[in-house]
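Spelled out, the chains give:
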Amino acid sequence: MKIIFDHQIFVDQRVGGISKYHTELYKNLLEIGCDADLICRLHQNLFVKEEFNNHKLFIEKNSIWIKRSMKFYNSLELYAKLNKNRDCIIHPTYYNTTLLKRFTKNPMVITVHDLTHELFFPKTDQVRRFLKKKKQTIMTADRIIAISNHTKKDLMAYYHLPEDKIDVVYHGVNNRIDLKNSYSKRHEYILFVGERQGYKNFEITIRALASLLKGYSIDLICVGGEFNAAEKHLIHQLNLESCVYSQYVSEDYLQYLYQNAILFIYPSLYEGFGLPILEAFRNDCPICISNTSCFPEIAGDAALYFDPNDQDSIQEQVRSILDNKQLRENLRSKGNQRMRNFSWEKTARTTLASYRKI
């Protein structure tokens, strides 16, 4: 049985949870002896660059024309590969599969990471076009992988899919690399990782944290894109310019930030899995997270939970971690235990079992 992954997410995403997932899945399938190919000679993705740089071409500069060229080149290679391997399973890395289903008869498995576009995004023309492609892919896939039971339930409710068509396969986490003392020591800080718009719930969170940042003389470090105009205005309005920062960081430096943070906060209203939870566990970082969607399923008793719509709830739970060193140690210990339930090898083996069903 041969598995072929396409190029979609690696052309479109420089970093991010979905490209991280597919990179680790592909790598670990190879390590357990699965015959798999990743069709991605031209790309802009940092994870693929780090893992497979010996035979990939990474493009530092990007534009719409470069992206179109990357997609065209990779599509030609993908169809050539599928033509030679008519019995293989295709595992697209994202939801644009119209041409795949039109020109190939290969069975297809798709991983659905969440339903944020369906449930939270304004239905602009662009979002409607995306959702049309996503629905076509989901409805025509031979098998669907959901990354949590919560996502599986959402799929069944929204798309009316039969339960026996969906397999739940959790994400994994790599082994810890100790970087705690690898960089110059920073002032004490709370860590926020990822995007901040909409359902990521950044505005309520920073309002809830404002008095704590000032009262405890700690910083808030936001790993992700630069602050937009509205965020800068909010930070200025709350008089937090001296203690709230945003920055892009390398993978190593992100691990260092986890390892030295007083806590990691994850206030999203909704996630399909929440990979940063495992990253925090791996790096012995106490976590304070929303009590919504899949978070309790993934973190179990190894987190302190708050109501993400309630500023007082966020503030109260964060304060309890700041005030209680023993609580922080307990959360670190429980996180270390909880992390043992997740590995990328386990992800690969469970995914392989899903492939075998078709």
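### Focus on the layout of surface pockets
Next, step 1: When its volume is computed, the second largest pocket comes out at roughly 830 Å³.
Next, step 2: Considering the residues around the second largest pocket, the lining is formed by 25 residues, among which Gln8, Asp12, Lys71, Asn96 and Lys133 are closest to the centre.
Next, step 3: Elements represented by at least two residues in the lining of the second largest pocket include exactly helix 1 (8-12), helix 4 (64-84), helix 5 (98-103) and helix 7 (125-140).
Next, step 4: Counting residues per element, the lining of the second largest pocket draws most heavily on helix 4, at eight residues.
Next, step 5: Taken together, the residues of the lining of the second largest pocket sort by class into ten nonpolar, eight polar and seven charged.

### Quick look at the side chain of Thr93
Next, step 1: Structurally, Thr93 is set in the loop between strand 5 (89-91) and helix 5.
Next, step 2: Side-chain polar atoms of Thr93 contact the backbone nitrogen of Gln8, separated by 3.2 Å.
Next, step 3: One polar contact links the side chain of Thr93 to the main-chain amide nitrogen of Ile9, over a distance of 3.0 Å.
Next, step 4: Beyond its immediate sequence surroundings of up to four residues, Thr93 is in contact with Phe5, Asp6, His7, Gln8, Ile9, Phe10, Ile18 and His22.

### Structural notes on the nonpolar core
Next, step 1: In this structure, Phe5, Leu191, Phe264, Ile277, Ile287 and Tyr355 are the most contacted members of the largest nonpolar core, which totals 56 residues.
Next, step 2: Ignoring anything within four residues of it in the chain, the contact list for Leu191 reads Ile221, Val223, Leu257, Tyr258, Ala261, Leu263, Phe264 and Ile265.

### Re the sheet that holds strand 12 (residues 263-266)
For sheets, the rule is that strands pair by backbone hydrogen bonds, running either parallel or antiparallel.
Next, step 1: Strands sit in the order 11-10-9-12-13-14 across an open sheet of six strands; the sheet is parallel. Either end of the sheet is taken by a strand with one partner, and the two such strands are strand 11 (244-247) and strand 14 (304-306). Within this sheet the neighbouring strands show an average axis-to-axis angle of 25 degrees, counted without direction.
Next, step 2: Pairing geometry for strand 9 (residues 189-193) and strand 12, over two bridges, is parallel. The partner of Leu191 across the bridge, within strand 12, is Phe264.
Next, step 3: The sheet contacts of helix 9 (residues 202-215) involve strand 9, strand 10 (219-223), strand 11 and strand 12, and relative to strand 10 the element is tilted by about 155 degrees.
Next, step 4: Running at roughly 135 degrees to strand 9, helix 11 (residues 251-260) makes contact with strand 9, strand 10, strand 11 and strand 12 of the sheet.

Cut-offs and rules
Residues numbered from 1 in each chain as written. Predicted model: local features only at pLDDT ≥ 70, side-chain atom pairs only at ≥ 80, totals over all residues. Heavy atoms only, no water. 1 Å grid on protein atoms, 1.4 Å probe; cavity = no way out; pocket = protein on both sides within 12 Å on 5 of 7 lines; lining within 4 Å. Points joined across faces, edges and corners; volume = space filled by probe spheres on them. Helix = DSSP H or I, 4+ residues; strand = E, 2+ residues; numbered from the N terminus. Nonpolar A, V, L, I, M, F, W, Y, C, P; charged D, E, K, R; others polar. Polar contact = N/O pair within 3.5 Å; in protein donor to acceptor, adjacent residues only side chain to side chain. Contact = heavy atoms within 4.5 Å. Core = buried A, V, L, I, M, F, W, Y, C linked by side-chain atoms within 4.5 Å. Buried < 20%, exposed > 50% of the residue type's maximum accessible area, 1.4 Å probe, protein only. Pairing = 2+ DSSP bridges. Axes fitted to C-alpha atoms, helices over the stretch in contact; angles between N-to-C directions.

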